[in-house]
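# Understanding the architecture of this molecule
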Amino acid sequence: MAYDLLIRNGRIVDGSGMPAFRGDVAVKDGKIVEIGKLSGPAKRTIDADGRVVAPGFIDNHCHYDAQVTWDPLCSYSCDHGATSVIFGNCSLSLAPVRKGKQRRLSEFLSYVEAIPMEVLDTLEITWETVPEYLEQMDHNLGVNVGNLIGHTAVRYYVMGDECQKRTATDDEIKQMQELVRDGMKAGALGLSVSRNQGHFDPQGVHIPAIWADEKEIFALGDVLRDLGTGIIQSGGGNGAEMKDALMSRLSEATGRVVVYNNLGQTMRRPGQWQKQMAQVDATTARGIRAYPMCTPNRITDYFTMRNTQTFRGLPVWHPICLSSPEEMLKSYADPEVRKKLHEEAIEFKNGPAIGICSTWWDYMALQTAVLPENKQYEGKTLGQIAKAQGKGVIDCFLDLAIEENLDTEWLHGENNVDEEAVAKILTYPNAIIGLSDGGAHVQFQSGFGFSTRLLSEWVREKQVMSLEQAVRRLTFESASTFGLYDRGLLRPGMVADIVIFDPDTVRPLPLEVVHDFPTGAKRIKEPAQGIMATVVNGEVLLEDGKHTGALPGRVLRNTYYQGIRA
């Protein structure tokens, strides 16, 4: 047989978790056809000596819904070995959408996921339904893309502006069910909902999905049960699961896999990760498939007070963050406002906040000062600076904001700072590794490198798990969870989504700022090292970090759609 692609002399880590072995992988017509010691002729041969050949990584939690329309590679996920990305998470998708309502739907995605509206305003939304959106995407793709149907979009489509005011009527729920059914029949990978109390629109009102009651959520999940396909994803599901087992009850009622955000160590709720693990152990022992997601990333935000989501949800602070720079400076100079902010964010008189822990000033470091006299504070935490200046936290913070015209750059990180806890979370079998949030929070953070970080820091350096285990976590486990049963393993007959990398050098590189979005908007780039090639559907997409020009990606469709088309 003449092969299209022959990868020779590689260290094959096939995604199963079984021991690696030396061998060759042959590809024909987009599928793996043979694995072993091969010598047939090939149109293209890659010598992978000294490198690992593995299934392409699955970036299982992204927000490329808009970006995919101008960036078919969904950069920078593919740079880190991802051959498939899944978006439409956390109830936020760009379909279905009524004519004339496109901008309002974009606002929900913009504010929650920190994608500038000036960028989303350049979108030409020509679709209305989920089937139309999937069909329009299924051309000129670099990576494979899977889409979830967002509850926020569905609710807004049916209820209009009432979607942020009340529960739905029985008739409205039936209309929502029909929209979900149409989308699932067209091949969507599932439904996404949200229980995240920190998800607001630009006006400071909770996004539509948060307004839904359990009856509505379960009714939409019933559509997937009836069709026997698809997964349910939830933003902010950890709080709901810990409160009244909503995630596991939803999985049990529908028979579908539920994945939710997230299992992580956070200073906001010390010790909760252990309690959450115990809860998940109990539900999986009963045969319920409700799994939290986790990440090897330390979740950090780069921000200035000109543009931040750190204090969202706080009744006094949130509206100030939504105001103009002039109004912000005026508010921050007002002693009465400062007093209220101290009561709210230092004494927490109104109760705990959503996005900050009780000692947030110890986890917020000054990254870049504007004024020469403040350069001495770079690298120090706000708590350290306040102590050095003999000021209270709020006075210190807001004095700096005013002095530097809101342009001081801060780095805030309260999550996954305890390495022992993170090691236990990453090796926990009932959690799914991923959660890059690719395409979201583009001006504040980057999680593209979750895969290369797992392979470098947690496998090579800390030896928390074997290379074979890590690859399985990045491939087969996500493929199985999200219903991508023809990917995630290197086996004859499987789709040839493959990554070739150097296990001795693979890692994420330091973050960079680029201005390559429409309108020249800023975003944070996280380059990768040690990825030799990313192969999608049998074609080399990236080679040594450079795009080959090929666009072999496809829309990933669910089993119901594939069964009808077979």
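Residues numbered from 1 in each chain as written. Predicted model: local features only at pLDDT ≥ 70, side-chain atom pairs only at ≥ 80, totals over all residues. Heavy atoms only, no water.

### Focus: the sheet that holds strand S15 (residues 409-413)
Strand order across the open sheet formed by three strands is S13-S15-S14, with antiparallel pairing between neighbours. Taken across any chain shown, the strands that pair with only one partner, and hence form the sheet edges, are strand S13 (300-303) and strand S14 (364-368). In this sheet, neighbouring strand axes are inclined to one another by 25 degrees on average, regardless of whether the strands run parallel or antiparallel. Two elements, S13 and S15, share four bridges in a ladder whose sense is antiparallel. Bridge pairing in S15 places threonine 300 opposite glycine 413. (Pairing = 2+ DSSP bridges. Helix = DSSP H or I, 4+ residues; strand = E, 2+ residues; numbered from the N terminus. Axes fitted to C-alpha atoms, helices over the stretch in contact; angles between N-to-C directions.)

### Thoughts on the sheet that holds strand S11 (residues 258-261)
Strand order across the open sheet formed by eight strands is S6-S7-S8-S9-S10-S11-S12-S16, with parallel pairing between neighbours. Strands with a single pairing partner mark the edges of an open sheet, and in this sheet they are strand S6 (57-59) and strand S16 (432-433). By the bridge criterion, five bridges tie strand S9 (residues 190-194) to strand S10 (residues 231-235) in an arrangement that is parallel. Each bridged residue has a counterpart across the sheet, and for serine 192 the counterpart in S10 is glutamine 233. Lying over the sheet, helix H6 (residues 214-227) contacts S9 and S10, oriented at roughly 165 degrees with respect to S9. (Contact = heavy atoms within 4.5 Å.)

### Re the nonpolar core
In terms of nonpolar packing, the biggest core is built from 106 residues, with Phe87, Val145, Val180 and Phe501 touching the most fellow members. It is H6 that contributes the most residues to this core, seven residues altogether. Beyond its immediate chain neighbours, meaning those up to four positions away, phenylalanine 87 contacts Cys62, His63, Tyr64, Asp65, Val68, Tyr133, Met137, Val145, Gly146, Asn147 and Leu148. Formed by 37 residues, the second largest nonpolar core is a distinct cluster that contains Leu341, Leu382, Ile385 and Val393. (Core = buried A, V, L, I, M, F, W, Y, C linked by side-chain atoms within 4.5 Å. Buried < 20%, exposed > 50% of the residue type's maximum accessible area, 1.4 Å probe, protein only.)

### Digging into unusual backbone geometry
Cis geometry marks the peptide bond from alanine 95 to proline 96; its omega dihedral reads 0 degrees. Summarising the element assignment, proline 96 is placed in the loop between strand S7 (82-87) and helix H1 (102-113). Of note, the amide linkage connecting asparagine 261 to asparagine 262 takes the cis form, showing an omega dihedral of -20 degrees. Relative to the assigned elements, asparagine 262 resides in the loop between S11 and helix H9 (272-285).

### Let's talk about the packing of helix H4 (residues 151-159) against helix H5 (residues 170-185)
For any two helices packed against each other, one specifies the crossing angle of their axes together with the interaxial distance. At a closest axis distance of 9 Å, the pairing of H4 and H5 adopts a crossing angle of 130 degrees. With respect to each other, H4 and H5 are oriented oblique. Note on packing geometry: the crossing formed by H4 with H5 is right-handed. Here His151, Val154, Arg155, Tyr157, Val158 and Met159 of H4 lie close against H5, whose contacting residues are Glu172, Gln175, Met176, Leu179 and Val180. Along the lines of polarity and charge, the residues of the contact of H4 with H5 split into seven nonpolar, two polar and two charged. (Parallel < 35°, antiparallel > 145°, perpendicular 65-115°, else oblique. Left-handed = near helix turned anticlockwise from the far one by under 90°. Nonpolar A, V, L, I, M, F, W, Y, C, P; charged D, E, K, R; others polar.)

### What about the pairing of strand S3 (residues 31-36)?
Strand direction decides the pairing type here: strand S2 (residues 21-28) and S3, joined by five bridges, are antiparallel. Bridge assignment links alanine 26 to a residue of S3, and that residue is glutamate 34. Counting the residues in the hairpin turn of S2 and S3 gives two residues, including aspartate 29, whose phi is positive at 50 degrees.

### Concerning H5
When the terminal C-alpha atoms of H5 are compared, their 22 Å separation across 16 residues agrees well with the 22 Å that a helix rising 1.5 Å per residue should span. Taken together, the buried positions of H5 are Glu172, Ile173, Met176, Gln177, Leu179, Val180, Arg181, Gly183 and Met184. Of the surrounding secondary structure, the elements contacted by the buried residues of H5 are helix H3 (130-137), strand S8 (144-150), H4, S9 and H6. Once H5 ends, the next one or two residues include glycine 187, with phi positive near 110 degrees. (Expected span 1.5 Å × (residues − 1).)

### With respect to the environment of alanine 240
Within the element layout of this structure, alanine 240 appears in helix H7 (residues 237-244). Aside from chain neighbours lying at most four places away, what touches alanine 240 is Arg195, Ala245, Leu246 and Met247.

### Topic: the pattern of salt bridges
Close approach of charged atoms lets side chains of opposite charge pair. Taken as a whole and assessed by the stated rule, the structure comprises 41 salt bridges. Here lysine 215 makes a salt bridge to aspartate 170, at a shortest N to O gap of 2.5 Å. Here lysine 215 is found in helix H6, whereas its partner aspartate 170 is found in helix H5, with 45 residues between them in sequence. Using a relative accessible area of 47% as the deciding quantity, one classes aspartate 170 as partly exposed. Here aspartate 516 makes a salt bridge to arginine 523, at a shortest N to O gap of 2.8 Å. Take aspartate 516: its relative accessible area is 40%, and that puts it in the partly exposed class. (Salt bridge = Lys/Arg side-chain N within 4 Å of Asp/Glu carboxyl O.)

### Concerning the state of the cysteines
Any covalent bond linking the sulfur atoms of two cysteines counts as a disulfide. Scanning the model with the defined rule gives zero disulfides in all. With no disulfide partner, cysteine 163 has as its closest neighbouring cysteine sulfur the one in cysteine 90, 17 Å distant. Judged by relative accessible area, cysteine 163 falls into the buried class, the value being 0%. Counting only cysteine sulfurs, cysteine 62 is the nearest neighbor of cysteine 294, a cysteine outside any disulfide, at a range of 15 Å. When its relative accessible area of 0% is taken as the criterion, cysteine 294 is described as buried. (Disulfide = S-S within 2.5 Å.)

### So, the pairing of S2
When strand S1 (residues 3-12) meets S2, the two strands line up antiparallel, connected through six bridges. If you follow leucine 6 over to S2, its bridge partner there is alanine 26.

### As for the packing of aromatic side chains
Scanning all chains against the criterion turns up 13 aromatic pairs. Between tryptophan 317 and tryptophan 360 the ring centres are 6.3 Å apart and the planes differ by 75 degrees, which places this aromatic pair in the edge-to-face class. With tryptophan 317 in helix H10 (residues 317-321) and tryptophan 360 in the loop between helix H12 (335-345) and S14, this residue pair connects regions lying 43 residues apart in the sequence. For tryptophan 360, a relative accessible area of 0% puts it in the buried group. Ring centres 5.7 Å apart and planes at 70 degrees place the aromatic pair tryptophan 360 and tryptophan 361 in the edge-to-face group. Site record: aromatic cluster; members linked through ring pairs are Phe311, Trp317, Trp360, Trp361, Phe397 and Trp410. The side chain of lysine 462 reaches across the aromatic face of tryptophan 458, ending 4.7 Å from its centre. (Phe/Tyr/Trp six-rings, centres within 6.5 Å; stacked < 30°, edge-to-face > 60°. Lys NZ or Arg CZ within 6 Å of the ring centre and 35° of its normal.)

In short, the description is geometric, and any link to function would need to be established separately.
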